[in-house]
Amino acid sequence: MRTTYGEATVRLYHLDGGAEGGAATTLFYGPLSEAMALAARQSEDVQDGLFIATDNDVIAWLDLVEE
């Protein structure tokens, strides 16, 4: 079980599905609560490639919201 808090500093990034493994584009770096709000506003296509990285973990956005 993952645990964190709303003000934890995270990186929200999008990993595209390019031919060479894609590229990671940082969309936001800051509090988890703001990253979650920004991720929720993205289109479904973008959400499919979103990841949130904490200081010791990385989780796909869709896995996080389904927990």
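Here is a short report on the structure shown in this document. Worth saying up front: this structure is predicted, and the values here are computed from it rather than measured.

### A few points about the packing of aromatic side chains
Geometry of an aromatic ring pair is reported as the spacing of the ring centres plus the angle between the planes.
And then number 1: One pass over the structure, following the stated rule, counts one aromatic pair.
And then number 2: Their ring planes at 20 degrees and their centres at 5.6 Å tell us that tyrosine 13 and phenylalanine 51 sit as a pair that is stacked. With a gap of 38 residues between them, tyrosine 13 in strand S1 (residues 9-15) and phenylalanine 51 in strand S3 (residues 50-53) connect regions that are remote in the sequence.
And then number 3: The ring of tyrosine 13 is capped by arginine 11, whose NZ or CZ atom sits 4.3 Å from the centre of that ring.

### A few points about the sheet that holds S3
And then number 1: In spatial order, the strands read S2-S1-S3-S4; together these four strands make up an open sheet with antiparallel pairing. At either margin of the open sheet sits one strand with a lone partner, and together these are strand S2 (24-31) and strand S4 (58-60). Neighbour to neighbour, the strand axes of the sheet diverge by 25 degrees on average, direction disregarded.
And then number 2: When S1 meets S3, the two strands line up antiparallel, connected through four bridges.

Criteria and cut-off values
Residues numbered from 1 in each chain as written. Predicted model: local features only at pLDDT ≥ 70, side-chain atom pairs only at ≥ 80, totals over all residues. Heavy atoms only, no water. Phe/Tyr/Trp six-rings, centres within 6.5 Å; stacked < 30°, edge-to-face > 60°. Helix = DSSP H or I, 4+ residues; strand = E, 2+ residues; numbered from the N terminus. Lys NZ or Arg CZ within 6 Å of the ring centre and 35° of its normal. Pairing = 2+ DSSP bridges. Axes fitted to C-alpha atoms, helices over the stretch in contact; angles between N-to-C directions.

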